[in-house]
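Remarks on the overall topology
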Amino acid sequence: MSIFEYNGSALVAMVGKNCFAIASDRRLGVQLQTIATDFQRVYKIHDKLYVGLSGLATDAQTLYERLVFRHKLYQLREERDMKPETFASLVSALLYEKRFGPYFCQPVIAGLGDDDVPFICTMDCLGAKELAKDFVVSGTASESLYGACESMYKPNMEPDELFETISQALLASVDRDCLSGWGGYVLLVTPTEVQEKILKGRMD
């Protein structure tokens, strides 16, 4: 078993019309044993920027704390919040610094940039970025997430339709992966508000 699959995870970010959604499963496991069913994988950087961290849970929490530290330094120096594109470069550089003993995490970054244009990207544990205009996925359920998102995604979705699409894609995908699941967590971010929702899925 790969170290990335040790705790199990499922992460997906999807773009709508001037909005985005980022969703994750809630299971924390040690291989096939479930430890917790309310685990947080999506973290807030600022009001319009979020990062999801799949992979090894301990490394994800450590990496998040380092990212918050770097962002606070940036805020002190620049007196503004970081743009999503800048933050993606920061995460990439931070991961590549540790390339000989990497953080076993695959981040998904989602944010609203200038003029409320959504930005999403993912990267591997060495910080190689993969930018997308529609959706990005990560975690042990990534293969089934690709299939579900490919079939369900439409461009320029309104927030309500985007929430429904990402929720159905996540729930359908984690049912096909025994290392992730136990419900879901969805964040829907528009220029004016942030909605958090908990999904109830199969509890086995």
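Thresholds applied
Within each chain, residue numbers correspond to sequence positions counted from 1 in written order. At least 70 in pLDDT is required for a residue's local features to be given in this predicted model, at least 80 for side-chain atom pairs to be given and counted, and no such filter applies to totals for whole chains, interfaces and linings, which use all residues. Calculation of side-chain values draws on the structure's entire complement of heavy atoms; hydrogens and water are dropped beforehand. Each patch is built from residues lacking any salt bridge and having more than 30% relative accessible area; the joining distance is 9 Å for like charges and 5 Å for nonpolar side chains (Val, Leu, Ile, Met, Phe, Trp, Tyr). For the accessible areas, the method is Shrake-Rupley and the probe is 1.4 Å, while residue cover comes only from the protein chains on display. Take a side-chain nitrogen of Lys or Arg and a carboxyl oxygen of Asp or Glu: if they are within 4 Å of each other, that pair is a salt bridge. The helix count covers DSSP runs of H or I at least four residues long, the strand count covers runs of E at least two residues long, and both are numbered beginning at the N terminus. Type-normalised accessible area, obtained with a 1.4 Å probe on protein chains alone, sets the label of each residue: buried when under 20%, exposed when over 50%, and partly exposed for intermediate values. Charge assignment in this entry is limited to Lys and Arg as positive and Asp and Glu as negative, and neither His nor the chain termini are counted. Polar contacts, as counted here, are pairs of nitrogen or oxygen atoms within 3.5 Å of one another; within protein the pair requires one atom able to donate a hydrogen and one able to accept it, and residues that are adjacent in sequence qualify only if both atoms are side-chain atoms. Residue contacts are counted whenever heavy atoms from the two residues lie within 4.5 Å of one another. Helix axes are fitted only over the stretch in contact, all axes being lines through C-alpha atoms; the angle between N-to-C directions runs from 0 to 180 degrees. By convention, the crossing between two helices is left-handed when the near helix turns anticlockwise from the far helix through less than a right angle, and right-handed when the turn is clockwise. In the scheme used here, Gly and all other residues not listed as nonpolar or charged are polar, with Ala, Val, Leu, Ile, Met, Phe, Trp, Tyr, Cys and Pro taken as nonpolar and Asp, Glu, Lys and Arg as charged. Here, nonpolar core refers to any group of buried Ala, Val, Leu, Ile, Met, Phe, Trp, Tyr and Cys residues whose side-chain atoms link them within 4.5 Å. At least two bridges found by DSSP between two strands is the condition for calling them paired.

Notes on a nonpolar patch on the surface
- Side chains of Met1, Ile3 and Tyr6 sit close together on the surface and give an oily, nonpolar patch of about 280 Å² of accessible area.
- When you line up the elements, Ile3 lands in the segment before strand 1 (10-15).

Description of the side chain of Asp59
- Examined against the element boundaries, Asp59 turns out to sit in helix 1 (residues 57-78).
- Despite being buried, Asp59 has no salt bridge partner; Arg66 is the closest side chain of opposite charge, sitting 10 Å away.
- Polar contacts involving the side chain of Asp59 include one to the main-chain amide nitrogen of Phe104, which spans 2.8 Å.
- Once residues within four sequence positions are removed from consideration, Asp59 is found in contact with Pro102, Tyr103, Phe104 and Cys105.

Regarding unusual backbone geometry
- The residue Gln31 is not glycine, and still its phi comes out positive at about 55°.
- Its location among the elements puts Gln31 in the loop between strand 3 (28-30) and strand 4 (33-36).
- In this structure Gln31 comes out as partly exposed when scored by relative accessible area, which is 38%.
- A positive phi angle is found at Asp116, which is not glycine, with a value near 55°.
- The exposure class of Asp116 is partly exposed, given its relative accessible area of 22%.

Focus: the packing of helix 3 (residues 142-152) against helix 4 (residues 159-174)
- Look at helix 3 against helix 4: their axes get within 9 Å of each other, and the N-to-C directions meet at 145°. Here helix 3 and helix 4 pass one another in a crossing that is right-handed. On the side of helix 3, the interface is formed by Ser144, Leu145, Ala148, Cys149 and Met152, while helix 4 contributes Thr165, Gln168, Ala169, Leu170 and Ser173.
- Here the contact of helix 3 with helix 4 is composed, by residue class, of six nonpolar, four polar and no charged.

Focus: the nonpolar core
- Ranked by size, the top nonpolar core spans 38 residues in total, and within it Val12, Met14, Ile22 and Leu170 carry the most contacts.
- When residues of this core are traced back to their parent elements, those giving at least two are strand 1, strand 2 (20-25), strand 7 (105-112), strand 10 (135-139), helix 3, helix 4 and strand 11 (184-189).
- When near neighbours in sequence (up to four residues on either side) are disregarded, Val12 contacts Ala21, Ile22, Ala23, Val136, Val137, Leu145, Cys149, Ile166 and Leu170.
- If you look at the next biggest cluster of nonpolar residues, it comprises 22 residues, including Leu63, Leu67, Tyr74 and Cys121.

Remarks on the pattern of salt bridges
- For the structure on display, the rule yields seven salt bridges.
- Ionic pairing is found between Lys154 and Glu161, a salt bridge with its closest N-O pair at 2.6 Å.
- For Lys154, a relative accessible area of 43% translates into the label partly exposed.

Remarks on the sheet that holds strand 12 (residues 194-199)
- If you trace the five strands from one edge of the open sheet to the other, you get 10-1-2-11-12, paired in antiparallel fashion. The open sheet is flanked by strand 10 and strand 12, the only strands paired with a single partner. Each strand of the sheet is rotated relative to its neighbour by a mean of 10°, with strand direction disregarded.
- Here six bridges tie strand 11 to strand 12, and the two strands are oriented antiparallel to one another. Paired with Tyr185 across the strands is Ile198, a residue of strand 12.
- Where helix 3 meets the sheet, its contacts fall on strand 1 and strand 10, and the angle it forms with strand 10 comes to roughly 160°.

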